[in-house]
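Results of the structural survey
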Amino acid sequence: MRAARLVFGYDSYGNTCGQRNEPIEGVRLSGLDHTDRKFVFFLDPCNIDIIQRKIKSMALCVSQCPTEELATYYDLKKFAMINGSELCSYELPGHKYPSLPERFEKCPKLPVPQSKALPVFNRCTPVDISCYAKFAEAVVTFVSDNSMLNRLIAGVAASKEIIVGLCLLALVLSMILMVIIRYISAVLVWILTGLVVLGSLGKSAFCAFPKLRMAFILSSFAHPNLECRIELEYERDPSWCFCCVMLPISIFLLLQGILLLLMLFMRKRVALTIALFHVAGKVFIHLPLLALQPFCTFLALSLFWVYWIMVLLFLGTSGNPEKNEDTGLVEFRLTGALQYMTWYHAVGLIWISEFILACQQMTVAGAVVTYYFTRDKNKLPMTPILSSVLRLVRYHLGTVAKGSFIITLVKIPRLILMYIHNQLKGKENACARCMLKACICCLWCLEKCLNYLNQNAYAATAINSTSFCTSARDAFMILVENALRVATINTVGDFVLFLGKILIVACTAITGVLALNYQRDYTEWVLPLIIVCLFAFLVAHCFLSIFEIVVDVLFLCFAIDTKYNNGTHGREFYMDKALMVNCMKMVFWWKECGIEFAIVMKVAEVICY
């Protein structure tokens, strides 16, 4: 019955269209037999409540939607006599429509527009949607110039083929970048290092020459007497110049020096990041199906969201009928335990969405672990991705569910605080606003940290087949032991991936400008270009996020490999040659691997020969 309300619709008296109905106590005209009346008809379909997002009109069940415009009550009478579909309230006989005094309140507003039934949901909707102009005007109130809006829409419509082509280009570029980024990662990293060095030298020169510094300060303001003021203030109180000018510049210079020293000190760890990127590129060559993970995840999320929306619609029609004392009509409202089902459903949306994303991380981690700990890459399983999915379904669903639930427990309070902050915007005092923002920021940081720990816990689970808590503990200990490496990989690696996203967006945007300039039938090509750039960034983010997961899993495997193996007989390394050479360099410079010099030379001999 409740599902039928959603599919077939119901009238304002609580009757479901297309079936027999039980009478509702205290509601007249309820309990009618609507077996032959299968369509929902609104007396005033254009009366839309924008705030409540619903049609403010009496609804009736009719046997046929009006197939032509009905301008008078005689037309309503003729339509009822010929088609047997009465469009006024049930108690009004069709042959008396023109003479009844109740026709103004209980008959449709004239003229009745031509309507057509929606497929499946059986609602009569006007064929001419111009009656929704007021609703559309409210939606686009942010646009002050309607002609500009028309030109923008015309630009999108005229360039739809180009938009689709550019979106496909962004997709292809993202997949290509995942393979070739191992070749350009070193260039991007050292460009970053060079920019930091040049920036530090420039700021050193800026602070070393007072005349240059004073000229810059004076050029930053447009007051003609500023130079005289500064000289006067300096003569009156020299400490003023020190506090307002020299001290901030000195602090900034000190920070730049520290950053430069960190870059020089961590250059070998930067080399480890480059080596991980190189090996990650090899992973995608041996496991090309990893590139399809964003599609699979998007498909799973889309199916779940469609299911979630359908359940939400069913919940909206599952309430008990109650009579509205003001209008005398029936409304279905959730009462009792049902009114809390919406909140339960909302929590389910967050949890299951996080669960699907965690399944993606677990699948990728399992495949990468299989690749890393297989010495002979020619003996990899036929389908490492499928094997990882099967292991996930058979052994690790509880691990993924627990990790995603922890994220949900942090995300829900943050969303609640964000909702409270938006509701109280402009009403709370400065202290309360600051506290809310601080709490939201702290929860956001905690969520990001837990996400990163969960991802490494899934990798540890794929390696050791341990429970979630045990894997999280082991992963946390490994990350703490390699804190500097983790910091380098996260900062430098994220910057390289960000540059990769910018590269894809830039290439797509340049191609879009060249393609759109050939279109001479419209002038507004900015909106299509913005749409394409947003889509390109979204696609690049999805694909490079998979690459980031691969790099993180490879690092955890590398850290475990160097912790439990030393290159001797029976304890050989599993790592790739690029990582092994990097490890040898770190042995010579920092001795972090704990391998004797003879063993290092033996490993080098194995690599070289």
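Each value, and the rule that gives it
- Residues numbered from 1 in each chain as written.
- Predicted model: local features only at pLDDT ≥ 70, side-chain atom pairs only at ≥ 80, totals over all residues.
- Heavy atoms only, no water.
- Helix = DSSP H or I, 4+ residues; strand = E, 2+ residues; numbered from the N terminus.
- Buried < 20%, exposed > 50% of the residue type's maximum accessible area, 1.4 Å probe, protein only.
- Contact = heavy atoms within 4.5 Å.
- Areas by Shrake-Rupley, 256 points an atom, 1.4 Å probe, with all protein chains shown as cover.
- Salt bridge = Lys/Arg side-chain N within 4 Å of Asp/Glu carboxyl O.
- Disulfide = S-S within 2.5 Å.
- Polar contact = N/O pair within 3.5 Å; in protein donor to acceptor, adjacent residues only side chain to side chain.
- Core = buried A, V, L, I, M, F, W, Y, C linked by side-chain atoms within 4.5 Å.
- Expected span 1.5 Å × (residues − 1).
- pLDDT = per-residue confidence, 0-100.
- Phe/Tyr/Trp six-rings, centres within 6.5 Å; stacked < 30°, edge-to-face > 60°.
- 1 Å grid on protein atoms, 1.4 Å probe; cavity = no way out; pocket = protein on both sides within 12 Å on 5 of 7 lines; lining within 4 Å.
- Points joined across faces, edges and corners; volume = space filled by probe spheres on them.
- Nonpolar A, V, L, I, M, F, W, Y, C, P; charged D, E, K, R; others polar.
- Axes fitted to C-alpha atoms, helices over the stretch in contact; angles between N-to-C directions.
- Parallel < 35°, antiparallel > 145°, perpendicular 65-115°, else oblique.
- UniProt positions renumbered as here; feature names shortened; annotations may be inferred.
- Left-handed = near helix turned anticlockwise from the far one by under 90°.

On to the overall build of the protein chain. Counting its regular elements, the protein chain contains 19 helices and 8 strands. When burial is assessed residue by residue, the protein chain has 40% of its 609 residues classed as buried. Sequence-distant contacts, at least 24 apart, represent 66% of the contacts inside the protein chain between residues at least 6 apart. Surface accessibility of the protein chain: about 34,200 Å² in total, with carbon and sulfur atoms responsible for 67%.

In this section: the pattern of salt bridges. Scanning the entire structure with this criterion turns up 8 salt bridges. Between K106 and E91 there is a salt bridge whose closest N-O contact spans 2.7 Å. Of this pair, K106 sits in helix α3 (residues 103-106) while E91 sits in the loop between α2 (73-83) and α3, and the two are 15 residues apart along the sequence. Residue classification places K106 among the partly exposed residues on the basis of a relative accessible area of 23%. With a closest N to O distance of 3.4 Å, R473 and D474 form a salt bridge. Taking the relative accessible area as the measure of exposure, D474 reaches 27% and is therefore partly exposed. Members of the salt-bridge network, linked through shared partners, are E354, K411, R414 and E447.

All right, on to the state of the cysteines then. Under the definition given, this model contains 3 disulfides. A sulfur-sulfur distance of 1.9 Å marks the disulfide that ties C17 to C61. Taking the sign of the torsion about the S-S bond as the criterion, the disulfide between C17 and C61, at about -80°, is left-handed. You can see C17 sitting in the loop between α1 (2-8) and β1 (39-42) and its partner C61 sitting in strand β4 (residues 59-62), a full 44 residues away along the chain. A relative accessible area of 0% places C17 in the buried class. Note that C88 is cross-linked by a disulfide to C107, the S-S spacing being 2.0 Å. Taking the torsion about the sulfur-sulfur bond, which here is approximately 115°, the covalent link between C88 and C107 counts as right-handed.

Turning next to the side chain of N15. By secondary structure assignment, the location of N15 is in the loop between α1 and β1. There is a polar contact of 3.2 Å between the side chain of N15 and the backbone nitrogen of L32. Those residues in contact with N15 that sit more than four places away from it in its chain are G9, Y10, N21, L29, S30, G31, L32, H34, C61 and Y90.

Below, the discussion takes up the nonpolar core. One finds L290, F547, V550, L554 and L579 to be the most contacted residues of the largest nonpolar core, which totals 56 residues. When residues of this core are traced back to their parent elements, those giving at least two are α6 (160-208), α10 (267-286), α12 (341-372), α14 (430-464), α15 (468-481), α16 (483-516), α17 (526-564) and α18 (577-589). Considering each element in turn, this core owes the most residues, 17 residues, to α17. Residues in contact with L579, not counting those within four places in the same chain, are L272, A275, L276, V279, Y372 and F558. C65, C88, L92 and Y97 belong to the second largest nonpolar core, which has 27 residues in total.

A rise of 1.5 Å per residue sets the reference length of helix α11 (residues 293-316), with its 24 residues, at 34 Å; its end C-alpha atoms lie 34 Å apart and thus fit the reference within 8%. Along α11, the residues that are buried comprise Q293, P294, T297, L301, F304, W308 and L315. Of the surrounding elements, those touching the buried residues of α11 are α12, α13 (384-423) and α17.

Mean pLDDT over the protein chain works out to 76, with 71% of the residues at or above the 70 mark. Low pLDDT, under 50, characterises residues 211-227; the predicted model gives this stretch 17 contacts beyond four residues in sequence or across chains. Every residue in residues 229-237 scores below 50 in pLDDT, and together they form 8 contacts with partners more than four places removed in sequence or on other chains.

Per the counting criterion, the structure on display carries 9 aromatic pairs. A centroid spacing of 5.3 Å and a plane angle of 50° characterise the contact between F277 and F547, whose relative ring orientation is tilted. Of the two residues, F277 is situated in helix α10 and F547 in helix α17; the sequence distance between them amounts to 270 residues. With respect to burial, F277 and F547 carry one shared label: buried. A centroid spacing of 5.7 Å and a plane angle of 5° characterise the contact between F284 and F547, whose relative ring orientation is stacked. Of this pair, F284 sits in helix α10 while F547 sits in helix α17, and the two are 263 residues apart along the sequence. With respect to class, F284 is no different from F547; both count as buried.

Right, let's get into the layout of surface pockets. Approximately 1,400 Å³ is the volume found for the second largest pocket. If you trace the second largest pocket, you find 44 residues lining it, with L357, Q360, H541, C542 and S545 closest to the centre. Breaking the lining of the second largest pocket down by element, the ones donating at least two residues are α6, α11, α12, α13, α14, α16 and α17. Considering each element in turn, the lining of the second largest pocket owes the most residues, 12 residues, to α17. A class-by-class count of the residues in the lining of the second largest pocket yields 24 nonpolar, 11 polar and 9 charged.

Viewed as axis vectors pointing N to C, α11 and α12 meet at an angle of 170°, and their least axial separation amounts to 10 Å. Here α11 is positioned roughly antiparallel relative to α12, judged by the angle of their axes. Taken together, the residues of the contact of α11 with α12 sort by class into 16 nonpolar, 8 polar and no charged.

Looking now at the UniProt feature "transmembrane region" (unreviewed entry) in the protein chain. In the numbering used here, UniProt assigns the feature "transmembrane region" (unreviewed entry) to residues 162-181, 187-209, 239-264, 270-291, 298-316, 349-373, 495-519 and 525-558. The span residues 270-291 is 77% helix and 0% strand, and its two end C-alpha atoms sit 26 Å from each other. The span residues 525-558 is 97% helix and 0% strand, and its two end C-alpha atoms sit 49 Å from each other.

Glancing now at the packing of α12 against α13. Where α12 contacts α13, the two axes come as close as 6 Å, and the packing angle between them is 140°. Classified by the interaxial angle, the pair formed by α12 and α13 is oblique. Here the hand of the crossing between α12 and α13 comes out right-handed. For the contact of α12 with α13, the per-class residue count stands at 19 nonpolar, 7 polar and 3 charged.

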